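Notes for the structure review
Below are the chains, spelled out letter by letter.
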Amino acid sequence: MAEESPTTSKSTPKRARPEEMELDEDVSVKKPSFPPISADKLRSDKTEFRKIPIPPHRYTPLKENWMKLYSPVVEHLKLQIRFNVKTRNVELKTSPETTDVGSIQKAADFVRAFALGFDIEDCLALVRLDDLFLESFEISDVKTTLKGDHLARAIGRIAGKGGRTKYTIENVTKTRIVLADSKIHILGSFQNMRIARTAICNLILGSPPAKVYGKMRTVASRMNERF
């Protein structure tokens, strides 16, 4: 068998990696500049709507506190508000007098907090302050196996005797908590809500209240020292 002659193949030049490439000339890149937009340019002619459903058990409190809801929304935020009797929704709408772009969202959070069961005085803080938020979760989100009497005991651990545990968490973390059956609603700043949520989750998982109090006070004191 005759040996085959080796075939000569042209060697293709290898491409240099980006790390190996050297720039001969300095390329000057201009940074983009975005000047601040005035409030007049942010305003759009398009009207915005929000609809907040009201649960049946909040019809009577809504009727009794309607003027307390109406005054800050109309006088302070310069919005239009009404209660639709057919759909059972509180409807919000921007008006030509509305100056702030975020007013419609502030008003929606304000009404939604009242619909969830918070006091009207606590809900007003959402209109006056910018760093307050709402958070809702269910006990089944923390522990899915709780059912029947076990679920009722978990709710009782969060509330405490005469509501003492709930009030203690509210006072230490400077938040407001609403227990609506298996749903939990928290109103407060982001850091404070995290402390309250951790304490509530530990109570759901079965930690004794005294241990939860100790951890919660330690974290809250550290937060106060930091700020």
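Here, the structure is the one placed above.
Below is a summary of the structure that appears in this document.

Within helix α3 (residues 66–76) the residues assigned to the buried category are L69, P72 and V73. Down the axis, α3 shows its buried residues gathered within 95° of arc, on one side only. Across α3 from its buried face, at more than 90 degrees, point the exposed residues M67 and E75. On its buried face, α3 is in contact with α2 (59–64), β2 (79–84), β3 (89–94), α4 (103–116) and α5 (120–128).

Before going further, it helps to spend a moment on the nonpolar core. Among the nonpolar cores identified, the biggest contains 27 residues, and L69, V73, L92, F110 and V111 are the most heavily contacted of them. Elements with a contribution of two residues or more to this core: α3, β2, β3, α4 and α5. The dominant element in this core, judged by the number of residues it contributes, is α4, at eight residues. Contact partners of L92, with chain neighbours within four places excluded, come to E48, F49, R50, I52, V73, Q80, I81, I104, A107 and A108. Counting residues in hydrophobic clusters, the runner-up holds 21 residues, among them I155, I184, M193 and A199.

Looking at the second largest pocket, its volume works out to about 170 Å³. Those elements that provide at least two residues to the lining of the second largest pocket are α8 (164–173), α9 (190–204) and α10 (209–226). By residue class, the composition of the lining of the second largest pocket is five nonpolar, five polar and one charged.

Parameters at a glance
- Residues numbered from 1 in each chain as written.
- Predicted model: local features only at pLDDT ≥ 70, side-chain atom pairs only at ≥ 80, totals over all residues.
- Heavy atoms only, no water.
- Buried < 20%, exposed > 50% of the residue type's maximum accessible area, 1.4 Å probe, protein only.
- Helix = DSSP H or I, 4+ residues; strand = E, 2+ residues; numbered from the N terminus.
- Arc of directions from axis to C-beta.
- Contact = heavy atoms within 4.5 Å.
- Core = buried A, V, L, I, M, F, W, Y, C linked by side-chain atoms within 4.5 Å.
- 1 Å grid on protein atoms, 1.4 Å probe; cavity = no way out; pocket = protein on both sides within 12 Å on 5 of 7 lines; lining within 4 Å.
- Points joined across faces, edges and corners; volume = space filled by probe spheres on them.
- Nonpolar A, V, L, I, M, F, W, Y, C, P; charged D, E, K, R; others polar.

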